[in-house]
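# Working through the structure, step by step
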Amino acid sequence: SKAEEGRTAACSQESKAPQPHRKPRERKKYRAPRNKKGPSHVEISIDCPQQKVGAVIGKGGSTIKSIRVESGAEIRVDTEGGKHHVVIYGTENQVDMAEDLVNNIVSPPKTIIKAQWQQARKLIGPGGATIKALQKRHHAHIHVDKKGGGTCNVVITADRPANLAKAEEAVRAILEPLFRDLLCPNDAVGALIGDDGTNIKELQRACGEAASVDIMDGKGKQRNKHDAKNTTVRVSVAGRDKKELSRCIRLVEAEIKEAVAGLDYMGDEGRKLRAEASAQAHKRTVMYERSHQAYESGDKAGARKLSDAAKAAGEKMRALNKKASEAIFRHRNHGKPDLFIDLHGLTVKEALGFLKSRLHKFLKNDTDDPLECVTGAGHHSPNRSAKIKPAVRELVESMKLRFEVENVGTYIIHC
């Protein structure tokens, strides 16, 4: 199916940021003092809730002094009959400016964005780091109010409309990222994910903090419901940077291409076992996500049950991948002499495991045995950079073994 690019429809704005406005009120007018030339002066009074008085005054009177300096108006807080009022005196222009500044404190501009909880978690970030950074950068308060059904409201308030607008833009960039859906054959998903997710985590790091690479299901979250043979891989980036999205797409497409090319090395049994392992990996991801949602909604018993199911799927995945690696290794090395080893079709961790076992076998004797180790040249890897080849070299050097490069994809290791 054709990959689609767009912005997620998971978020919608519930209320717009209010423009500066002034409530109709009676203004007392005064003539300028006789010894001064200038426009007539006015005085207004704004009701101020008790809990907002401190914010209007500020620490050591810093806020009210700032309003005086910025507007040029005289301003004070009066209390009468248990009620608080902010009294502003000055020219029409001075009073208008001071009134806006006070209203932004008493009734700060606010906007509410409806979002899916899964996206809101990215907004919050690890330990709240992302949302705290946004608040500090844009001088705004951002609160995530979780609702039922996996949804939430993101409430943004700021002391000025300009700060609110910037904060909202930054929040929407995370909640409504640009994205592109790519297809990966089901039996190649395991290779794309890698040993316990190591490959896709490395891919995520290469794409950068603003990007996300997700394995999707039939509801637009993981498996592709229209194509039983393929899984959807969603590549998304925060903001509107199409060049950055294109860069990430190229990286992911190259990884998918490498994973697909690796299928040719597996043999029928290895390929079948890899597909079964990928299915268990998918199940584990879904169960962990549902467990997290259950815990957040207060269903701790359900969360534990789903977490146990995720762990069980993970154990099955590892067992199937172990069987798959053994089947692939047999397929590539059946009938070959012991001084030959082909590591094609394996993950880095699996390849190094088989190589270590073979090296230790020959290191037990006192003869110089030349082991021909085929790692592959990495022609299908992103940027034509092999993964197994450098890992093998690092292992051999750490073991202080002598080796020669037979060709671009083969080492002769003396053991």
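Heads up: the structure comes first, above all this text.
Note that this is a predicted model, so its numbers are computed, not measured.

### Comments concerning the overall build of the chain
Helix and strand counts for the chain stand at 13 helices and 16 strands. In the chain, buried positions account for 45% of the 415 residues. The long-range fraction of contacts in the chain, counting pairs at least 24 apart against all pairs at least 6 apart in sequence, stands at 66%.

### Topic: the pairing of strand β5 (residues 74-80)
Along any regular strand the residues' side chains alternate between the sheet's two faces. Pairing analysis gives 7 bridges linking β5 to strand β6 (residues 83-91), with the strands arranged antiparallel. Following the sheet pairing, glutamate 74 is matched in β6 by tyrosine 89. Linking two consecutive strands that pair antiparallel, namely β5 and β6, is a turn of 2 residues; a positive phi of about 60° is found at glycine 81 within it.

### Focus: helix α4 (residues 117-124)
All of the buried residues along α4 are Trp117, Gln119, Ala120 and Leu123. For α4, the angular spread of the buried residues around the axis is 155°, confining them to a single face. On its buried face, α4 is in contact with β7 (110-116), α5 (129-138), β8 (140-146), β9 (151-158), α6 (161-175) and α10 (267-296). Once α4 ends, the next one or two residues include glycine 125, with phi positive near 80°.

### Comments concerning the environment of valine 144
Looking at the element boundaries, valine 144 is found in strand β8. Its relative accessible area of 17% is what places valine 144 among the buried residues. Separated by 24 residues in sequence, valine 144 and alanine 120 have C-alpha atoms that sit 7.4 Å apart. Every residue in contact with valine 144, bar those within four places of it in the chain, is listed here: Trp117, Ala120, Leu123, Ile124, Ile131, Cys152, Asn153 and Val154.

### A few points about the side chain of arginine 234
Inspection of the secondary structure assignment puts arginine 234 in strand β12 (residues 230-237). Arginine 234 sits in the buried class, given a relative accessible area of 18%. Within the structure, arginine 234 has its side chain in polar contact with the side chain of aspartate 181 (distance 2.7 Å).

### Comments concerning the nonpolar core
If you look at the biggest cluster of nonpolar residues, it comprises 53 residues, and the most contacted ones within it are Val233, Val252, Leu343, Leu355, Val392 and Ile413. The element contributing the most residues to this core is helix α9 (residues 242-263), with 8 residues. Look past the residues within four positions of valine 233 in its chain and what remains in contact with it is Arg180, Asp181, Leu182, Cys184, Leu192, Val213, Asp214, Ile215, Val252 and Ile256.

### So, the environment of isoleucine 131
Note on placement: isoleucine 131 falls in helix α5. Note: C-alpha distance between isoleucine 131 and alanine 120 (11 residues apart in sequence) is 9.7 Å. Ignoring anything within four residues of it in the chain, the contact list for isoleucine 131 reads Leu123, Ile124, Ile142 and Val144.

### With respect to the packing of aromatic side chains
Each aromatic ring pair is summarised here by two numbers: the centre-to-centre distance and the angle between the ring planes. Applying the stated criterion across every chain, the model contains 2 aromatic pairs. On the basis of an interplanar angle of 0° and a centroid distance of 4.2 Å, the ring pair of phenylalanine 329 and phenylalanine 354 is categorised as stacked. Within this pair, whereas phenylalanine 329 is found in helix α11 (residues 300-333), its partner phenylalanine 354 is found in helix α12 (residues 348-363), the two being separated by 25 residues in sequence. Considering the side-chain rings of phenylalanine 403 and tyrosine 411, the 5.5 Å spacing of their centres and the 80° angle between planes classify their relative orientation as edge-to-face. Positioned over the ring face of phenylalanine 179 is arginine 234, at 4.2 Å from the centre of the ring.

### Section: the pattern of salt bridges
A complete count under the given rule lists 21 salt bridges for this structure. Residues aspartate 342 and arginine 332 are paired through a salt bridge, measuring 3.0 Å at the closest nitrogen-oxygen approach. With aspartate 342 in strand β13 (residues 340-342) and arginine 332 in helix α11, this pair connects stretches of sequence that are 10 residues apart. A salt bridge links arginine 393 to glutamate 397; the shortest N-O distance between them is 3.1 Å. Note that arginine 393 and glutamate 397 are positioned in helix α13 (residues 388-398) at a spacing of 4 residues, about one turn of the helix. We classify arginine 393 as partly exposed; its relative accessible area is 36%.

### Comments concerning the sheet that holds β13
Strand order across the open sheet formed by 4 strands is β13-β14-β16-β15, with mixed pairing between neighbours. A single partner strand is all that each edge strand has here, and the edge strands are β13 and β15 (403-407). Averaged over all pairs of adjacent strands, the angle between their axes in this sheet comes to 25°, without regard to strand direction. Bridge analysis of β13 against strand β14 (residues 370-374) gives 3 bridges, and the strand direction is parallel. Counterpart to phenylalanine 340 in the pairing with β14 is glutamate 372.

Rules behind the numbers
- Residues numbered from 1 in each chain as written.
- Predicted model: local features only at pLDDT ≥ 70, side-chain atom pairs only at ≥ 80, totals over all residues.
- Heavy atoms only, no water.
- Helix = DSSP H or I, 4+ residues; strand = E, 2+ residues; numbered from the N terminus.
- Buried < 20%, exposed > 50% of the residue type's maximum accessible area, 1.4 Å probe, protein only.
- Contact = heavy atoms within 4.5 Å.
- Pairing = 2+ DSSP bridges.
- Arc of directions from axis to C-beta.
- Polar contact = N/O pair within 3.5 Å; in protein donor to acceptor, adjacent residues only side chain to side chain.
- Core = buried A, V, L, I, M, F, W, Y, C linked by side-chain atoms within 4.5 Å.
- Phe/Tyr/Trp six-rings, centres within 6.5 Å; stacked < 30°, edge-to-face > 60°.
- Lys NZ or Arg CZ within 6 Å of the ring centre and 35° of its normal.
- Salt bridge = Lys/Arg side-chain N within 4 Å of Asp/Glu carboxyl O.
- Axes fitted to C-alpha atoms, helices over the stretch in contact; angles between N-to-C directions.

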